[in-house]
Amino acid sequence: MVLRKTDLIPIGEMARRTGLSVSAIRFYEDKGLIEPIRTSGNQRRFLRSDIRRLSFILIAQQMGLALGEIEIELAKLPMGRTPNASDWTKISRSIRAILDRKIAELERTRDRLDGCIGCGCLSLKKCQLYNKDDHLAERGPGPRQIIAV
């Protein structure tokens, strides 16, 4: 593949196009999520397709994916070429399962919290936030009965 000068975007332009700060772009570069091409003067240039990669990161974060989850998904995309529809479809299917799990967890937490706070009594006998004698500490930190899977 022969790159034309117009195929490459300087980091300032990438920041303008994505709404990210230059430091955020460098952070994602350090994480290996994007890979710039260096000019003879050692300046960063990015493929136009990196706009999509960075946009995917922003969208995935908004959906609640952790950076580690995003890294796993982006590692499935080819480096050095624009991902095609098939590449993105694979990622879409993969993150759908992650999102379905997160949605189920959020719904479970919402329903348990509604039941507890919604009742208005905060009864020490049946309240899910109450933890007599700290017996739930063995299951981990936080309100275990509300957030437990």
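Residue indices follow the written sequence of each chain, beginning from 1 at its first position. Owing to the predicted nature of the model, reporting of local features is limited to residues with pLDDT of at least 70; listing and counting of side-chain atom pairs is limited to 80 or more, with chain, interface and lining totals taken over all residues. Side-chain measures were taken over the full set of non-hydrogen atoms in the model, leaving aside hydrogen atoms and water.

### Topic: the overall build of the protein chain
Our working rule: A helix here means a DSSP run of H or I that spans at least four residues, while a strand means a run of E at least two residues long, and both kinds are numbered starting from the N terminus. Residue contacts follow a heavy-atom distance rule, with two residues in contact if any of their heavy atoms lie within 4.5 Å. Accessible areas in this description were obtained via Shrake-Rupley with a 1.4 Å probe; residue shielding takes into account the shown protein chains only.
Each helix and strand counted, the protein chain has six helices and three strands in total. Shown N-terminal to C-terminal, the secondary structure of the protein chain runs as helices and strands in the order β-α-α-β-β-α-α-α-α. Counting contacts in the protein chain only where the partners sit at least 6 residues apart, residues at least 24 apart contribute 54% of the total. Surface exposure of the protein chain reaches about 9800 Å², of which carbon and sulfur atoms provide 53%.

### What about the pattern of salt bridges?
Cut-off, in case you're wondering: Here a salt bridge means any side-chain nitrogen of Lys or Arg lying within 4 Å of a carboxyl oxygen belonging to Asp or Glu. Note on classification: 1.4 Å probe, protein chains only; a residue is buried when its accessible area is under 20% of the maximum for its type, exposed when over 50%, partly exposed between these limits.
Under the defined criterion, the tally for this structure stands at six salt bridges. With its nearest N and O atoms 2.7 Å apart, the salt bridge here joins Arg16 to Glu13. A residue pair is termed a helical-turn pair when its members lie 3 or 4 positions apart in one helix, as Arg16 and Glu13 do in helix α1 (residues 11–18) at three residues. Residue Arg16 is classed as exposed on the basis of its relative accessible area of 57%. Ionic pairing is found between Asp50 and Arg53, a salt bridge with its closest N-O pair at 3.6 Å. With Asp50 and Arg53 both in helix α3 (residues 50–62) and three residues apart, the pair spans about one turn of that helix. Taken individually, Asp50 and Arg53 each receive the classification buried, so the pair is uniform in this respect. Each of the salt bridges in this network shares a partner with another, and the network as a whole consists of Glu29, Arg38 and Arg44.

### As for unusual backbone geometry
At Asn42, a residue that is not glycine, the phi angle is positive and equals roughly 65°. Among the secondary structure elements, Asn42 is positioned in the loop between β2 (37–38) and β3 (44–47). Look at Asn42 and you get exposed, because its relative accessible area is 52%.

### A look at the sheet that holds β2
Basically, it comes down to this: By definition, two strands form a pair when at least two bridges between them are found by DSSP.
Pairing in this open sheet of three strands is antiparallel, and the strands run β1-β3-β2 from one edge to the other. At either margin of the open sheet sits one strand with a lone partner, and together these are β1 (8–10) and β2.

### Points about the packing of aromatic side chains
For clarity, the threshold we go by: Any two of the Phe, Tyr and Trp rings considered here, Trp counted by its six-membered ring, make a pair once their centres fall within 6.5 Å; the pair's planes then place it as stacked at under 30 degrees, edge-to-face at over 60, or tilted in between.
Using the criterion set out here, one finds two aromatic pairs in the structure. Between Phe56 and Trp88, the aromatic rings sit 5.7 Å apart at their centres with planes inclined by 50°, giving tilted as the arrangement. Of this pair, Phe56 sits in helix α3 while Trp88 sits in helix α5 (residues 85–119), and the two are 32 residues apart along the sequence. Residue classification places Phe56 among the buried positions, given a relative accessible area of 10%.

### Structural notes on the packing of α3 against helix α4 (residues 67–74)
Note the following rule: Note on geometry: axes are lines fitted to C-alpha atoms, helical ones only across the stretch in contact, with angles between N-to-C directions running from 0 to 180 degrees. Crossing handedness: left-handed means the near helix sits turned counterclockwise from the far one by under a right angle, and right-handed means the same turn made clockwise. Residues are grouped as follows: Ala, Val, Leu, Ile, Met, Phe, Trp, Tyr, Cys and Pro are nonpolar; Asp, Glu, Lys and Arg are charged; every other residue, Gly included, is polar.
The contact between α3 and α4 brings their axes to 10 Å, and the two run at 140°. You can see that α3 and α4 cross each other, and the crossing is right-handed. Residues Arg53, Phe56, Ile57, Ala60 and Gln61 of α3 pack against Leu67, Ile70, Glu73 and Leu74 of α4. Of the residues belonging to the contact of α3 with α4, the class tally is six nonpolar, one polar and two charged.

### Structural notes on α3
Put simply, the rule is: Expected helix span is computed as 1.5 Å times (number of residues minus one).
Relative to the 18 Å expected for 13 residues at 1.5 Å per residue, α3 spans 18 Å between its end C-alpha atoms, a close match to the ideal helical length. Listed in full, the buried residues belonging to α3 are Asp50, Ile51, Arg53, Leu54, Phe56, Ile57 and Ala60. At the C-terminal side of α3, Gly64 shows a positive phi close to 95°.

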